[in-house]
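Coordinates in review
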Amino acid sequence: MKKKIIVLAATAIIMAVALAGCGVKITNIAVPDAVTVEKGEAVVLPVAFGTDDAPAVTPETAATGESAATDEKVAKAAEKLTIEWTSSDESVATVDETGTVTAVAAGEANVTASVKDADIAASTHIKVVVTPTGVAAPESIDLVTNGENTKDLDAKLVPADATDVKLAYESSDESIATVDETGKVTAVANGECTITTYVTAKTEDAEASELSAVVVEAADSEEVDDSVATMPEDLAAMDSAFGVVPENLKAETKVTVTTNVEGITLDKTEGVLTVGNTVTVTATVTPDTATNASVTWTSSDEAIATVDSEGKITAVAPGTATITAVSDSNPDANATYAVTVQAKKVVAPASTKTSSKSNSGYAGSSSNSGAAAAAPSNPAPAPVPDPAPVQPSEPAPAPDPQPDQAPAEPQPDNRDYTDGSGANGGKVIEGRADNGCTPEQQAGGVC
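This text gives an overview of the structure that appears in the document. This is a predicted model, so every value here is computed, not measured.

1. Here's the deal with the overall build of the chain
Along its length, the chain carries four helices and 29 strands. Per-residue burial for the chain yields a buried fraction of 30% across its 447 residues. For the chain, the proportion of contacts with a sequence separation of at least 24, taken over those separated by at least 6, is 61%. Summing over all exposed atoms, the chain offers an accessible surface of approximately 28,000 Å²; the carbon and sulfur share of this is 52%.

As structure tokens, this is what we get:
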């Protein structure tokens, strides 16, 4: 047992001599309280050595105030010491034997410097940050008041793992569209506006980082270092907890708000046209706030009927066709007009030809058929008849019979004299008897 004690005592004596150096005993060390390192970069942590009479101070905050001779003695004593380095999270930051810290990824870790074979140590809080370089946001989005009236802007930080910052949004005209703190855009009315996405400091992360730094420091000292960064209350200052957000990191998105056509009505739905005729049909869209109220007209059969861009329908040939009006902004909104086309009607001209053929044996207007000719609508007055012919006072002597012929017995006269006055020009109409003459008159040649 005594041997072991002697060995331990000897070891203690060697350590004391090493710490003491040239009569100076190192009793404490100091490293920076907190260091911010950009991802991918490296930094060497300085170490300050101190004695009971002159405690080590943080290398970045103050000078020792000791004389050159004293500093030289401390430095010579420190040369005999071995410093060992460790990281609490090497996925965030690593450290080598020289105290060089390399930032691996965004996050926080503690790097500790310890004097080998002595109970002397100090820690640095390492903050690995990623500075934003830009904002990625869509150039434009479209919203519909009576359709897809909300959309997530889906803006992104560049790079995506940028630290200590967040995105903020602003609408140039909230009467057209609004945007909330999450980047959700909502349509209000037809029109255009601009949504601007800004990069600002993230307050809550800054407060958490500040608390971590204070906890680490409290483990080494009872005093709070006022040099720990704090988040400014005014986000417009653009300061982050461990750095400054670069200026002009923003993106603008054009927002267009429209209202779709929901339906179409026509002032008439069917009709009949004669070839060559036209009719104009008027289309009305709903709602009346629709942004694009224009419609496109089409015919199911242009060989029957055609239609122009104004809804004017022209009949081409007999048959049936369907005329359709479709909304240009919503193909599901449409209306139809059924048209029947009929041929032109042919009307025969009135006849002006008058028959000049008279009945055989008549000088007047009567015919054998006894049918009366069509009377004119305004008949001319009948002519006044001529006075009856005067009968001769003495009957003409009968001609002597031929010498070799016997006088003939008087025979009934079956000839028909239509007009005893000779109105028929002396022509005899056979087959009718004249009952107006006596046998004596006939014999005398009067009738």
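We are not done yet, so read on.
2. Concerning the sheet that holds strand S8 (residues 107–115)
Read from one edge of the open sheet, four strands run S2-S9-S8-S5, paired in mixed fashion. In this open sheet, the two edge strands, each paired with only one partner strand, are strand S2 (34–38) and strand S5 (83–87). Pairwise comparison of adjacent strand axes, ignoring direction, gives a mean angle of 25° for this sheet. As paired elements, S8 and strand S9 (residues 121–129) share eight bridges and run antiparallel to each other. Bridging across to S9, Val-111 finds its partner in Thr-124.

3. Here's the deal with the nonpolar core
Of all hydrophobic cores here, the largest spans 25 residues; its most connected members are Leu-45, Trp-85, Val-101, Val-111 and Ile-126. Secondary structure elements with two or more residues in this core: S2, helix H2 (68–78), S5, strand S6 (93–95), strand S7 (100–103), S8 and S9. Of the residues forming this core, the biggest block, four residues, is contributed by S8. Here Val-111 is in contact with Leu-45, Trp-85, Thr-86, Ser-87, Val-95, Val-101, Ala-122, Ser-123, Thr-124 and Ile-126, once residues within four sequence places are set aside. Ile-264, Ala-321, Ile-323 and Ala-335 belong to the second-largest nonpolar core, a separate cluster that totals 24 residues.

4. Some details on the pairing of S7
As paired elements, strand S3 (residues 42–44) and S7 share three bridges and run antiparallel to each other. What sits directly across from Val-44, in S7, is Thr-100. In the sheet, S6 pairs with S7 via three bridges, with the strands oriented antiparallel. Opposite Val-95, over in S7, you have Val-101 as the bridge partner.

5. Things to note about the sheet that holds S3
Taken together, three strands build an open sheet; the order of strands is S3-S7-S6 and the sheet is antiparallel. Only two strands of the sheet have a single neighbouring strand rather than two, namely S3 and S6. Strand-to-strand, the axes of this sheet are offset by a mean angle of 20°, without reference to chain direction.

Basis of the calculations
- Residues numbered from 1 in each chain as written.
- Predicted model: local features only at pLDDT ≥ 70, side-chain atom pairs only at ≥ 80, totals over all residues.
- Heavy atoms only, no water.
- Helix = DSSP H or I, 4+ residues; strand = E, 2+ residues; numbered from the N terminus.
- Buried < 20%, exposed > 50% of the residue type's maximum accessible area, 1.4 Å probe, protein only.
- Contact = heavy atoms within 4.5 Å.
- Areas by Shrake-Rupley, 256 points an atom, 1.4 Å probe, with all protein chains shown as cover.
- Pairing = 2+ DSSP bridges.
- Axes fitted to C-alpha atoms, helices over the stretch in contact; angles between N-to-C directions.
- Core = buried A, V, L, I, M, F, W, Y, C linked by side-chain atoms within 4.5 Å.

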